[in-house]
Each structure stands twice: as C-alpha cells, then as structure tokens.
Amino acid sequence: MSLGPVMIDLAGTSLRVEEREMLSHPQVGGVILFTRNFSSVAQLKDLVRSIHELVEPHLLIAVDQEGGRVQRFREGFTRLPPAGKLGEVFDRNPKQARIMAQACGWLMAKELRSVGVDFSFAPVLDLGHGISGVIGDRAYHRRPEAVADLAHYVMIGMRRAGMEAVAKHFPGHGSVREDSHVAVPVDERALDDILSEDVLPFERMIHYGVAGIMPAHVIYSEADTQAAGFSSFWLHNMLRNHLGFQGAIFSDDLSMEAAHVVGDFPQRAKTALDAGCDMVLVCNHPEGVAQVLDLLPEDKNIVSQVRLVRFHGRKVVDYERLRRSDSWRRAVNSIRPLLGDVQGYELNL
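Each residue is numbered by its place in its chain's sequence as written, counting from 1. The predicted nature of this model means local features are confined to residues of pLDDT at least 70 and side-chain atom pairs, given and counted, to a pLDDT of 80 or more, with totals for whole chains, interfaces and linings taken over all residues. Only hydrogens and water are set aside when side-chain values are computed; all heavy atoms of the structure are taken into account.

Asker: Give me the lowdown on the sheet that holds strand β6 (residues 119-120), citing residues and values where you can.
Answerer: Between any two strands, pairing holds if DSSP finds at least two bridges. Secondary structure elements follow DSSP: runs of H or I of four or more residues count as helices, runs of E of two or more count as strands, with numbering from the N terminus. Ordered by their spatial adjacency, 8 strands build an open sheet running β6-β3-β2-β1-β12-β11-β9-β7, and the pairing between neighbours is parallel. The sheet is open, and its two borders are formed by β6 and β7 (166-170), each paired with just one other strand.

Asker: Got a sec to walk through helix α11 (residues 302-309)? Specific residues and values, please.
Answerer: Between buried and exposed lies partly exposed: a residue is buried under 20% and exposed over 50% of the maximum accessible area for its type, with that area taken using a 1.4 Å probe on protein chains only. Regarding α11, the residues found buried are Ser 304, Gln 305, Arg 307 and Leu 308. Along α11, the residues classed as buried sweep out an arc of 165 degrees about the axis, all on the same side. Of the residues in α11, the exposed ones pointing more than 90 degrees away from the buried face are Ile 302 and Val 306. The elements touched by buried residues of α11 are β3 (60-63), α8 (232-242), β11 (248-253) and β12 (279-282). Relevant arc is that of directions from the helix axis to the C-beta atoms, nothing else. What makes two residues a contact is simply this: any of their non-hydrogen atoms within 4.5 Å.

Asker: Hey, could you go over a nonpolar patch on the surface for me, with residue numbers and the actual values?
Answerer: Nonpolar side chains (Val, Leu, Ile, Met, Phe, Trp, Tyr) are joined into patches within 5 Å and like charges within 9 Å, using only residues with over 30% relative accessible area and no salt bridge. Accessible areas in this description were obtained via Shrake-Rupley with a 1.4 Å probe; residue shielding takes into account the shown protein chains only. One side-chain nitrogen of Lys or Arg within 4 Å of one carboxyl oxygen of Asp or Glu is enough to make a salt bridge. A surface patch of nonpolar side chains, amounting to about 210 Å² of accessible area, comprises Val 184, Val 186 and Val 261. According to the relative accessible area criterion, Val 184 is partly exposed, its value standing at 31%.

Asker: Could you give an account of the pairing of β3, with specific residues and numbers?
Answerer: Both faces of β3 are covered, namely the face carrying Leu 60 and Ala 62 and the face carrying Ile 61 and Val 63. Relative to β3, strand β2 (residues 28-33) runs parallel, the two sharing 4 bridges. Bridging from a neighbouring strand, Val 31 pairs with Ile 61 of β3. By the criterion used throughout, a crossover qualifies as right-handed when its path from the first strand across the helix to the second strand runs clockwise, the strands pointing away from the viewer. Of the crossover connections in this fold, the one passing from β2 over helix α2 (residues 41-52) to the parallel β3 is right-handed. In this sheet, β6 lies alongside β3 in parallel orientation, the contact comprising 2 bridges. Note that in β6 the partner of Val 63 across the bridge is Ser 120.

Set out below in structure tokens:
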C-alpha cells in the first residue's frame, strides 16, 4: 500500500472505530495531531502506535510544534521559545543564536521522535514585518537573510534528530494583516518585491536541502488570482521551475476561510493537487474529509510518493532514556536564556 495524498485530523485522544476505517482509506496518507489529541506522553505514544499499526507503510504523523504560541504538546515536553526570541539574540550575537537555533530544532524533533511522531510543520520562514498578527513572533526576524540563517540551523538540528523540515508559508505571509484562518488575505505588492524579499529565505532553504514546503493561503494579486496553495504559477512555475524545489509540497488546511473561495472541499483538494501539492490537509471538518475521500480520483502520483516517504521519521529513541541523556540536558540548558522572561514557559525538567 502507498501513501495517499490526504492528511486528516482526529477528534480526541484515542482512535474511534469510524476513524480507524477512515485512516485505512487508500486516499489517506497522514494524520495531523492537535492539542485536543494530547493528554499525556503515555497516551500520545499509545495513540501514535495505534495509528502506525493500521497500514503499511505507516501513515505519516505530523504536528505543529514550532514553539511559542504554536506548540501543541506541552506537559512532558520542553517548552520551546517563540522564533522571534532567536532573532533578538541574533542581533546581539549571531553565533550564539545559531547554536540556540540548532538546539531548538534538535529538542523539538528528538522529543517528537521519542513518542513516534514523524515530523513537525516547521520552521516558519515568514518575515517579521510587524504587520501580520497571526505570524507575529512566529517569525525569526525582519531581515530575510537572518530568517534563512536561523531556519537553516533549526533544520540542521531537526535532521540530527531524525526529522525532515517543512518550511512555511511560501512565498510569505508576513506582509498581510488578515489571518487566512478567518479571512482571505490579499498581498498587493509587486512580484519583484516579493521575490527579492519574502522568497529569499525559501530560496536559501531549498539550496540547503529542505524536504518540504507549505504554501500560504494568500492571494498575491500582482502574480495570480488564486491563493498560492492553489496556484500553478506559484507551485509549478516559481517553486518547482524557477527555484528548483524537488521536495514535498503540503497544502495548508483546506478548511480555512481563505480556501473557501476555491469551491467545496473536493474542489479545493483537486485544485491544490493539480496546482502542484503532493499532500492536502483537511482539518476540523469531518464532513469535508468524507467528501474529499469519496470524490477525489484515486490515481496515485509516483513522484509524490517518493517525496512523501522521505518524511517517515528516523532515529527512534526511548522517551525516558532521552530525558536522562546528557545531550538532552545540554540542549535544554542551551535554550534556557530564551525562556527566562517568557511567562508560562517552564522547562518541565
């Protein structure tokens, strides 16, 4: 059995009978977990194991574990700093910031791998223009060169831990005020301005070998009438041909408000896949998942299969053994200065 092109979510902390059936559908290739799917490390390990046992090769299991505001698993996991904290250190001491960035990437990935999660949708490459509230301190820096530098070291840490990275949100969500979860953002800047600034971190990360990219649900009106995640201009012409990206493209959630303009759920999924996505995410909408699985054509893209299989996690390590290791303690101590003035970010030592 091969991995299908659809990634879906779950209702709770264990698999329901109907979810087991849905996850066994040939069009499903992965599961994304949220905070509602987590109550403890032991529970999470059991849930992941039950998902992995359903089909072979096992379904990909992903999560948003960036740090800061976007960290789905907390109790029992190291509280990671928001990306902007690394940017602040970078301005004072770039070398120290790179060490911390690598430690953040390794900690995040190693802890997830210790419970069987395959990968996290990280790092964020959006620029910190101070315009987008939904990005905010999720951005490493205002300058594209600094974003690329720090994201590179986060990716190095992730790879050391056995996890591939997914850079988001191509070609950049940092210059629009609207949140694509609840609105349809439109970026009216000239294409040359977007390419010279926002796209630069993605170009650098492609050169460094990033394995995955997630496009933004943003319309860049001077380039195309479709949001980037549904646009063959952005995904095929720019990302594949112009930038030479050969990795996997994951859509953002098709249930977000900015995706509604494309049509119903099957139309959104088909449009995103036709534009160049290898896997589409359908979250927080069980009816939408059912519609996509019922109506999406079952022709498998062999090239997409090769790209997606790369996201199966490597280097499995026991959770308890990891937490006792010197490597884990060194990494935690490395990022401790980033957390001293962040409310609620205890280290869970």
